[in-house]
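Here is how the chains run, residue by residue.
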Amino acid sequence: MRFARFTLDGSSRCGLVDGTDVRPFPARISTLEAYLELPPAERSALATEAGRPLESIQLAAPVHPHKNVFCVGRNYLGHAEEIARARGTALSLPKVPTFFTKAPTAIAAPGATLRLSSAVSQSYDWEAELAVVIAQRCRDVPESAALGVVFGYTCLNDVTARDLQRDHGQWFKGKSLDDSCPIGPWIVSADELGDPQALDIGLRLDGETKQASNTSQMIFNVAQIIASLSRGMTLEPGDVIATGTPDGVGFARTPPEFLYDGARMEVEIAKIGVLRNTVALT
Ligand code: MG
């Protein structure tokens, strides 16, 4: 199933994407967290309203956690290599996942115009990522059971202010500016998606392919990431984990490239769809 959040007649709602239609859940189930609180039998029996054409609906980010979005840095070999090349340093691969977070206030909707300030940063960059959405409260999840705590998967663009990321040492500030975390367009459930390590993933900038890889190229796979993150630390329903970006980001290019006013970004992941956002550099 495909879970979406959207605005309908001025209210925030959620429901299922069914072909070219959206079928809203009852109004009392208006967030992913409310949906995940239902017992599984009640979830699958949940009635939906008549379908509305998807193209007539304004989608919201399908999940909006109350806490930071978890992220993994340098998790594709190609990206680790391009970073080493750009910095003129030897390639060193992480022995454990490099976790950092993005503030929830950074989350933006699919289709939204991302308002980024040129007074704050001069080097906004793109990062196409597979995002994992957690289904249940869990801790110390073994790798063998880790995919069982996943509700589903969606696209995420880890928009990054490279100058702030560098200048502040910790990445949090450069990763957490408003509108720097578009998510969507919807969540594809784990059972429908199947193997999360066999998905083409890429990003186009104004129609030109900048990133083109496959999730098989991750250094730490989704199960290893969940096992590592949940070790001694509780994960909750609706938590989001961005699993890293492949090579082809702007700053590592020769010459470096950054986002500009009017830039149209498309993150595409097989079996999920396309997350489109346009940049307004103010
Ligand atoms: Mg990233």
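Cut-off values and rules
- By convention here, each chain's residues receive numbers from 1 onward along its written sequence.
- At least 70 in pLDDT is required for a residue's local features to be given in this predicted model, at least 80 for side-chain atom pairs to be given and counted, and no such filter applies to totals for whole chains, interfaces and linings, which use all residues.
- Side-chain figures throughout are based on the complete set of non-hydrogen atoms in the structure, without hydrogens or water.
- Coordination here is defined by N, O and S atoms within 2.8 Å of the metal (3.2 Å for Na, K and Ca), and since water is not considered, a site can look incomplete.
- Only DSSP runs of H or I with at least four residues qualify as helices, and only runs of E with at least two residues qualify as strands; both kinds are numbered from the N terminus onward.
- Categorising residues by exposure relies on relative accessible area from a 1.4 Å probe, with only protein chains included: less than 20% of the type maximum marks a residue as buried, more than 50% marks it as exposed, and the intermediate range marks it as partly exposed.
- For this document, the term salt bridge refers to a Lys or Arg side-chain nitrogen within 4 Å of an Asp or Glu carboxyl oxygen.

> When you look at the coordination of the magnesium ion in this model, what are you seeing that I'm missing?
Tetrahedral coordination by four donors puts the ideal angle at the metal at 109.5 degrees, and octahedral coordination by six puts it at 90 or 180 degrees. Donor atoms from the polypeptide that coordinate the magnesium ion comprise Glu127 (OE), Glu129 (OE) and Asp158 (OD), at 2.0 to 2.1 Å from the metal. Motif for the magnesium ion, donor spacing along one chain: E-x1-E-x28-D. Residue Glu127 is found in the loop between strand E10 (124–125) and strand E11 (128–134), and its partner Asp158 is found in the loop between strand E12 (150–157) and strand E13 (160–161); the two are separated by 31 residues along the sequence. For the pair formed by Glu127 and Asp158, the shared burial category is buried.

> Explanation requested: the pattern of salt bridges in the structure shown.
Note that side chains of opposite charge can pair when their charged atoms are close. Scanning the entire structure with this criterion turns up 20 salt bridges. Across the pair Glu127 and Lys175 runs a salt bridge, and its minimum N-O distance is 3.3 Å. Here Glu127, found in the loop between E10 and E11, pairs with Lys175, found in helix H5 (residues 172–175); they are 48 residues apart in sequence, far enough to count as distant. In terms of burial, Glu127 and Lys175 fall into one category: buried. A single network of salt bridges, built from pairs that share partners, joins Lys102, Asp125, Glu127, Asp158, Arg162 and Lys175.

> Whenever I open this one, unusual backbone geometry confuses me. Can you help?
That bond from Gly184 to Pro185 is cis: its omega, 10°, falls within 30 degrees of zero. Here the residue pair Thr254 and Pro255 is connected by a cis peptide bond, since its omega of -10° sits within 30 degrees of zero. Structurally, Pro255 is set in the loop between strand E17 (240–242) and strand E18 (264–269). Positioned with a positive phi, Asp140 is a non-glycine residue whose angle comes to about 50°. Tracing the chain through its elements places Asp140 in the loop between E11 and E12.

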